[in-house]
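In case you want the letters, here they are:
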Amino acid sequence: MKLLKLKITNYERTIAGKSIAVNEEGYLTNFSQWDEKVGEALADEAHVPLTPRHWEVLKYLQNEQKNNVALSIRRVGKCGVVDIKEFYQLFPTAPLKTATKIAGIPKPASCI
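Remember, predicted model here, so these are calculated numbers, not experimental data. (Residues numbered from 1 in each chain as written. Predicted model: local features only at pLDDT ≥ 70, side-chain atom pairs only at ≥ 80, totals over all residues. Heavy atoms only, no water.)

## Looking at the overall build of the chain
Along the chain, the regular secondary structure elements total 5 helices and 2 strands. Taken over the C-alpha trace, the chain has a radius of gyration of 15 Å; the compact-globule value for 112 residues is 13 Å, and the two agree within 12%. Considering only C-alpha atoms, the chain reaches an extent of 45 × 40 × 25 Å along its principal axes. Considering the chain as a whole, with its 112 residues, one finds that 37% of them fall into the buried category. In the chain, the proportion of contacts linking residues at least 24 apart, taken out of those at least 6 apart, comes to 44%. Carbon together with sulfur atoms contributes 54% to the accessible area of the chain, which is approximately 7200 Å² in total. (Helix = DSSP H or I, 4+ residues; strand = E, 2+ residues; numbered from the N terminus. Rg over C-alpha atoms; globule rule 2.2 N^0.38 Å. Buried < 20%, exposed > 50% of the residue type's maximum accessible area, 1.4 Å probe, protein only. Contact = heavy atoms within 4.5 Å. Areas by Shrake-Rupley, 256 points an atom, 1.4 Å probe, with all protein chains shown as cover.)

Rendered as structure tokens:
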């Protein structure tokens, strides 16, 4: 029987003037380090200009994460906060991956 070793690597990045722990894909590994300035900096990197509507979706995603709800495009589209078409308009490139990164939460298992 062959055992596989799982290597988890954490990195430090300076985001919004703060040293932030991230994984190899740039997702925060400690949500307590997230604040709106960090979210704004991550949105700038993703070329997403944040509007009040963006913040509404980001807060929804954070709340779902806190409640241990598995996120997917389909679930977001059925949540009543945003439909799939608008979600893609708000976060045009890989919407769920981009939005969760900006929100400071882990990449959903449904994202490749």
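The structure having been displayed, the exposition proceeds.
## With respect to the environment of Arg-53
Its location among the elements puts Arg-53 in helix 2 (residues 52-66). Placed 28 residues apart in sequence, Arg-53 and Val-81 show a C-alpha to C-alpha distance of 9.6 Å.

## Some thoughts on helix 1 (residues 36-45)
Since there are 3.6 residues in each turn of an α-helix, residues three or four apart along the chain are aligned in direction. Listed in full, the buried residues belonging to helix 1 are Val-38, Gly-39, Ala-41, Leu-42 and Ala-43. The inward-facing, buried residues of helix 1 contact strand 1 (11-15), strand 2 (18-22) and helix 5 (95-103). The distance from a side-chain oxygen at the start of helix 1 to the backbone nitrogen of Lys-37 is 3.0 Å, and the residue carrying that oxygen is Asp-35. The first or second residue beyond helix 1 is His-47, which carries a positive phi of 60 degrees. (Polar contact = N/O pair within 3.5 Å; in protein donor to acceptor, adjacent residues only side chain to side chain.)

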